[in-house]
Amino acid sequence: MKVFRALLIILVACTPAFSPAADSTEQQLSRLLADWGDALVKQDREFLAKVLAAEFQGVDELGAVFTRDQYLATMTSGDQVVKSVKIVDDSVRGYGKYAVLTTLYTIEAVYKGKEESGTYRSTLVFAKRDGRWQCVAGHTSVVAPQT
């Protein structure tokens with residue numbers, strides 16, 4: 001199910017490292033992105049549920065739209081096994097209670113026994129609610145191999 005493999009990083013929420021602090025929005029979201037990748041490897045449904053807002057909507061690399069509940073079901077069903085997530089680059093632009101994060105990442109994953117590793121770019125939109133960041137929308141694209 002390719003709908004979910006690319007959006008593995010659409011990754012934001014509440015962790016001990018994410019308590020209100022003097023950290024900049026950029027530092028908070030960069031750290032949260034790394035924590036999200038770790039949660040995918042661990043299939044940590046609780047963390048992922050906090051990362052995604054109830055109204056979250058994502059778009060995968062094929063243009064399919066999915067909800068928070070669909071994402072959580074796929075990421076924690078055991079069908080999707082994430083071996084590793086490596087953030088190559090990220091950029092955060094803060095707008096008060098909102099932020100846009102763009103990222104380039106590589107992922108090693110298997111979906112229903114099929115290798116689904118690759119390099120992706122994602123654009124994620126976050127809203128700060130009750131002192132924590134939540135992802136409200138995201139879009140992911142495949143980065144074509146260089147020839």
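Keep in mind the model is a prediction, meaning the values are calculated, not measured.

About the cut-offs
- Residues numbered from 1 in each chain as written.
- Predicted model: local features only at pLDDT ≥ 70, side-chain atom pairs only at ≥ 80, totals over all residues.
- Heavy atoms only, no water.
- Phe/Tyr/Trp six-rings, centres within 6.5 Å; stacked < 30°, edge-to-face > 60°.
- Helix = DSSP H or I, 4+ residues; strand = E, 2+ residues; numbered from the N terminus.
- Buried < 20%, exposed > 50% of the residue type's maximum accessible area, 1.4 Å probe, protein only.
- Polar contact = N/O pair within 3.5 Å; in protein donor to acceptor, adjacent residues only side chain to side chain.
- Contact = heavy atoms within 4.5 Å.
- Core = buried A, V, L, I, M, F, W, Y, C linked by side-chain atoms within 4.5 Å.

1. Topic: the packing of aromatic side chains
Okay, so step 1: As enumerated under the stated definition, the model contains five aromatic pairs in all.
Okay, so step 2: Arranged with centres 6.4 Å apart and planes meeting at 85 degrees, the rings of W36 and Y71 form a pair that is edge-to-face. On the criterion of sequence distance, the pair formed by W36 in helix α2 (residues 25-42) and Y71 in helix α4 (residues 68-76) is long-range, its members being 35 residues apart.
Okay, so step 3: With a relative accessible area of 0%, Y71 lands in the buried category.
Okay, so step 4: One aromatic cluster in this structure is built from W36, F56, F66 and Y71.

2. Remarks on the side chain of R68
Okay, so step 1: In this structure, R68 sits in helix α4.
Okay, so step 2: At a separation of 2.8 Å, a polar atom in the side chain of R68 contacts the main-chain carbonyl oxygen of A49.
Okay, so step 3: Residues contacting R68, with those up to four places away along its chain left out, are A49, L52, A53, A54 and F56.

3. Structural notes on the nonpolar core
Okay, so step 1: Core analysis: the biggest nonpolar cluster contains 27 residues, and L29, W36, L48, Y71 and F126 have the highest contact counts within it.
Okay, so step 2: Contributions of two or more residues to this core are made by α2, α3 (45-51), β1 (52-59), α4, β3 (80-95), β4 (98-111), β6 (118-129) and β7 (132-142).
Okay, so step 3: Per-element tally for this core: the top contributor is α2, with six residues.

4. Observations regarding α4
Okay, so step 1: Of all the positions in α4, only R68, Y71, L72, T74 and M75 are classed as buried.
Okay, so step 2: Of the residues trailing α4, G78 is marked for its positive phi of about 95 degrees.

5. Digging into the environment of E115
Okay, so step 1: The residue E115 is located in strand β5 (residues 114-115) in this model.
Okay, so step 2: In this structure E115 touches K83, A109 and V110, once residues within four positions along its chain are discounted.

6. Section: the environment of S141
Okay, so step 1: As for its placement among the helices and strands, S141 is situated in strand β7.
Okay, so step 2: For S141, a relative accessible area of 32% puts it in the partly exposed group.
Okay, so step 3: It is 7.0 Å that separates the C-alpha atoms of S141 and D60, two residues lying 81 residues apart in sequence.
Okay, so step 4: With residues near it in sequence (within four places) discarded, S141 still touches E61, T119, Y120 and R121.

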